[in-house]
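If you want the building blocks of each chain, they are given just below.
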Amino acid sequence: MVKFSKELEAQLIPEWKDAFVNYWQLKKHVKKVKLSRMLKLSQTTCSHDYGISIFDPVCSFFRHLSSSVTNHQPDQILQVKNTLSEQGDESGEDENDDAELVEHLNSEEDELKVFFEKLDEELDKVNRFYTNKESEFLERGEMLNKQLQILFDLQQVLGCRRQSSGRFNFSRSATSSRLIRSYSSGRTSDSDSETPTEFAERLGEGTQTNDVISAVEKNGINLLAGAATRGKTKKGKPKVAMRIDIPATTPTRTITAVTSMLWEDLVNNPKKEGGPSEYVNRKKLQCAEKMIRGAFVELYRGLGLLKTYSSLNMVAFVKILKKFDKVSNRQSSATYLKAVKRSHFISSDKVVKLMDEVESSFTKHFAKDDRKKAMKFLRPCQPKDSHMVTFFVGLFTGSFITLFSLYAILAHTSGMFSHGTQTNYVETIYPVFSMFALLSLHMFMYGCNLFMWKVTRINYNFIFEFQDGTTLKYRDAFLICTCMMTTVVSAMVLHLILVSNGFSPNQVDIIPSILFLIYIGILVCPLNMFYRPTRYCFLRVIRNIIYSPLYKVLMIDFFMGDQLTSQIPLLRHMESTTCYFLAGSFKTHHFHTCKAGKLYPELAYVISFAPYYWRAMQCTRRWFDECDVNHLANLGKYVSAMIAAGAQLTYARQETQLWLIIVLVTSLFATVYQLYWDFVKDWGLLDLDSKNKWLRDELVLKKKGFYYTAIALNFVLRVAWLEIVLQFKVGLFESRLLEFSLASLEVIRRGHWNYYRLENEHLNNVGKFRAVKNVPLPFHETDSDG
């Protein structure tokens, strides 16, 4: 059975961590009470009727120490004081640190008072946080209901005025007055009381719109430029432009926002009479509907987190009081638990009611009364574990080892890597198979990350905002890795057998291309098989990275961008493989065709720059959204890496003394920059004021040696670029093997970097990603626009 302290640590929300019960500190106080009682018992054991002893002064001291406890009344202690200390809570310490506990040990009565005072502080802290969050969510729920009402009324208007080119005539009619009253009273307009034709006829009856527009503006819709932009249609009826704020989170919206600003400034000048700058159309309302739907989902998720917060804290209080009863030999927890159960975070039912209302509204308005469909959005089902996954992981692992051993034997007996035949084989086949090998190694390291995150109870699903349908477990990652490697080694064995038996290169070199096309087909396969939700999630993340900074940057986006910076050799192999097959070199077996071209070497610069450029653009977007200069400093890291990569590529083509100096300077600067960011920013280590020397105050791993080893290993692997400067004189096969080994070491470095990066995020929320996202809403108060 997992200890509750481990379960609590696993389910802690990083952003709300300080608001949870400090369970570990309370356990420390219980330990003090236990030691106080042990002192009292030791006084009893010192009592005897056998005359005078030399230990009598010690026993007398213990009797004096515990004399004040004999007449102690538990009811006087069990008072909930509702006073919160102005100082921050102390961090939990090791339970086994008995020496420190004995040092601060007082009498049992004092320890009991201190324990219940601390318990009162924790209870008051939980109540205040819960009350504040509950108020925020209730206010958010009211705002969403209002937004939903406005959306439905605008959709009704749009349906009735579909043929008016997107411009609406607002009139002071009976229907418009009823629409405004529905906003003020918080009710949706009753569209069933009239037909759309009657509604449309009444909507265009009046000509005075000032009062109507003012009322609509006060109730959530922001109209542009006021009366100055009100023109008239050909029939003499007024027209008004209306703004719906759609955030620029996608390339289309970003480009639309820019073009709209240009159109507003250059064409639809507000000073022109009758020139409204924007108007409502169906596409904007569809975007607004999607935003409101997402806001409902996020609100429901936040309410679920608050409900979990309440239940976890309640269990924490129950556990700690049971421990207190056990060590103090009392039965006083029931008295205090009554006070806990009367607390607001337990007795309030507003969160549960709001969750029911959100479920009802979402089912009615966004799922067409299909509750099962609604729950797929609000509460996605967790995929079940299967023992077949573990079985296939073992099967493919054994097959991979057997096939790789067979390949090594066949390569040795056929003389494939001899001086006469190795050039063609290494230059044509190596890039293809090494590409799959690096990808499989990265997947293996990701599986190790998932395993370690689970063992150490790091909440990676919450940090990455993974949906239940797109979450890979470590067994799934190992299955994908072993299956891929088994397939690749099988193709290598088949290719080697055919080459050894005299088949021509244009016949056997088609095998790697078929393998490549198979994996591309599986990646984009629309059928619900081979982890389709995960595959499509991966494709969406890659799309967001490529189109940076047009997409809003999430944690998973820049995390995956960092992975790509470690896979530049793989991208280079993809370039070589693509050129080899597209240029038809596999038919002639002339591998020099691509390298002899002028464009191929220039593309090497683009491919080497691309991952760093994408990360730099992500930093730019985050700086634009959050106005945090740390993102600009992070951008500088990737710019320095781009310069160093360019210098290294140029030196490989022009081995002069000048370029050697440039490589040393740029690479050294980039390496120091990257090491500082790894250790201080991403890992949170090298803190001089930390209680753990050169580390940080909070650590997941108990043995500090792991962190010092990780620092040393990361440093060694970061300076692997020195191989370019040293230039080991080896043969072609050995040079390719060395290149593959260095690329593999970079993947391994990135894999072990991943663990400590997410550990720091879990403990300190260094990325400032919120527990509940504040989804922007399309319709704003007039005041909010400033």
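For the structure, check the block above.
Residues numbered from 1 in each chain as written. Predicted model: local features only at pLDDT ≥ 70, side-chain atom pairs only at ≥ 80, totals over all residues. Heavy atoms only, no water.

Colleague: Let's hear about the nonpolar core: which residues, and what values?
Modeller: Soluble globular proteins tend to bury their nonpolar side chains together. Among the nonpolar cores identified, the biggest contains 65 residues, and Trp-16, Leu-119 and Tyr-309 are the most heavily contacted of them. Elements represented by at least two residues in this core include exactly α1 (4-11), α2 (23-46), α6 (108-160), α11 (282-328), α12 (333-341), α14 (350-366) and α15 (371-378). Broken down by element, the residue count for this core peaks at 19 residues, all from α11. Non-local contacts of Trp-16, meaning those with residues more than four positions away in its chain, are made with Phe-129, Lys-133, Gly-302, Leu-305, Leu-306, Tyr-309, Ala-771 and Val-772. In this structure, Met-555, Leu-695, Val-700 and Tyr-707 belong to the second largest nonpolar core, which totals 45 residues. (Core = buried A, V, L, I, M, F, W, Y, C linked by side-chain atoms within 4.5 Å. Buried < 20%, exposed > 50% of the residue type's maximum accessible area, 1.4 Å probe, protein only. Helix = DSSP H or I, 4+ residues; strand = E, 2+ residues; numbered from the N terminus. Contact = heavy atoms within 4.5 Å.)

Colleague: Talk me through helix α29 (residues 657-682); I want residue IDs and the actual numbers.
Modeller: Taking 1.5 Å per residue as the helical rise, α29 with its 26 residues ought to reach 38 Å, and the 36 Å between its terminal C-alpha atoms agrees with that figure. Here α29 has its buried residues at Leu-660, Val-663, Thr-666, Ser-667, Ala-670, Thr-671, Gln-674, Leu-675, Trp-677, Asp-678, Phe-679 and Asp-682. Immediately downstream of α29, the backbone of Gly-684 shows phi near 70 degrees, a positive value. (Expected span 1.5 Å × (residues − 1).)

Colleague: Explain the pattern of salt bridges to me, and be specific about the residues and the numbers.
Modeller: Pairing between side chains becomes possible if they bear opposite charge and their charged atoms approach one another. Considering all chains together, one arrives at 22 salt bridges under this definition. For Arg-749, the salt bridge goes to Asp-678, with nearest N and O atoms at 3.8 Å. Here the residue Arg-749 occupies a position in helix α32 (residues 732-764), and Asp-678 occupies one in helix α29, the gap between them amounting to 71 residues. Take Asp-678: its relative accessible area is 0%, and that puts it in the buried class. Close ionic contact of Arg-749 with Glu-746 constitutes a salt bridge, the shortest N to O distance being 3.0 Å. With Arg-749 and Glu-746 both in helix α32, this residue pair falls three residues apart, about one helical turn. (Salt bridge = Lys/Arg side-chain N within 4 Å of Asp/Glu carboxyl O.)

Colleague: Quick one: what's the story with the environment of Ala-771, residue by residue and with numbers?
Modeller: Take Ala-771: it is sitting in the segment after α32. Every residue in contact with Ala-771, bar those within four places of it in the chain, is listed here: Ile-13, Glu-15, Trp-16, Glu-298, Arg-301, Leu-305 and Phe-462.

Colleague: I'd like a description of a positive patch on the surface, backed by residues and values.
Modeller: Taken together, the side chains of Lys-3, Lys-34, Lys-319, Lys-322, Lys-323 and Lys-326 make up a positively charged region of the molecular surface. The leading source of residues in the positive patch is α11, at four residues. Mapped onto the elements of the fold, Lys-322 is located in helix α11. Here Lys-322 falls in the exposed class, since its relative accessible area comes to 56%. (Patch = residues over 30% accessible without salt bridge, like charges linked within 9 Å, V, L, I, M, F, W, Y side chains within 5 Å. Areas by Shrake-Rupley, 256 points an atom, 1.4 Å probe, with all protein chains shown as cover. Lys, Arg positive; Asp, Glu negative; His and termini not counted. Charge placed at Lys NZ, Arg CZ, Asp CG, Glu CD.)

Colleague: Now, about the packing of α14 against α15: what can you tell me, with residues and values included?
Modeller: One can describe the packing of α14 onto α15 by two numbers: an axis separation of 9 Å at closest approach and a directional angle of 120 degrees. In this view, α14 runs oblique relative to α15, as classed from their interaxial angle. Where α14 crosses over α15, the two elements pack in a sense that is right-handed. Residues Glu-359, Phe-362 and Thr-363 of α14 lie in contact with α15, whose contacting residues are Arg-371, Ala-374, Met-375, Phe-377 and Leu-378. Residues belonging to the contact of α14 with α15 are distributed by class as follows: five nonpolar, one polar and two charged. (Axes fitted to C-alpha atoms, helices over the stretch in contact; angles between N-to-C directions. Parallel < 35°, antiparallel > 145°, perpendicular 65-115°, else oblique. Left-handed = near helix turned anticlockwise from the far one by under 90°. Nonpolar A, V, L, I, M, F, W, Y, C, P; charged D, E, K, R; others polar.)

Colleague: Could you give me a rundown of unusual backbone geometry, with the residues and numbers involved?
Modeller: Following Ser-548, the chain continues into Pro-549 via a peptide bond in cis, with omega recorded as 5 degrees. The topology assignment puts Pro-549 in the loop between α22 (532-546) and α23 (555-565). Even without being glycine, Phe-530 reaches a positive phi, approximately 55 degrees.

Colleague: Tell me what's going on with the packing of aromatic side chains, and back it up with residues and numbers.
Modeller: For any pair of aromatic rings, geometry is given as the distance between the ring centres together with the angle between the planes. Applying the stated criterion across every chain yields a total of 35 aromatic pairs. Here the aromatic rings of Phe-115 and Phe-116 are separated by 5.1 Å at their centres, their planes lie at 75 degrees, and the arrangement is edge-to-face. Using a relative accessible area of 0% as the deciding quantity, one classes Phe-115 as buried. For the ring pair Phe-115 and Phe-324, a centre distance of 4.9 Å and an interplane angle of 10 degrees mean the geometry is stacked. Here Phe-115, found in helix α6, pairs with Phe-324, found in helix α11; they are 209 residues apart in sequence, far enough to count as distant. With relative accessibility at 1%, the residue Phe-324 sits in the buried group. In this structure an aromatic cluster arises from ring pairing among Tyr-446, Trp-453, Tyr-460, Phe-464, Phe-466, Phe-559 and Trp-753. Lying over the aromatic face of Trp-677, Lys-681 brings its terminal NZ or CZ to 5.7 Å of the ring centre. Directly above the aromatic system of Trp-753 lies the positively charged group of Arg-750, at a separation of 4.6 Å from the ring centroid. (Phe/Tyr/Trp six-rings, centres within 6.5 Å; stacked < 30°, edge-to-face > 60°. Lys NZ or Arg CZ within 6 Å of the ring centre and 35° of its normal.)

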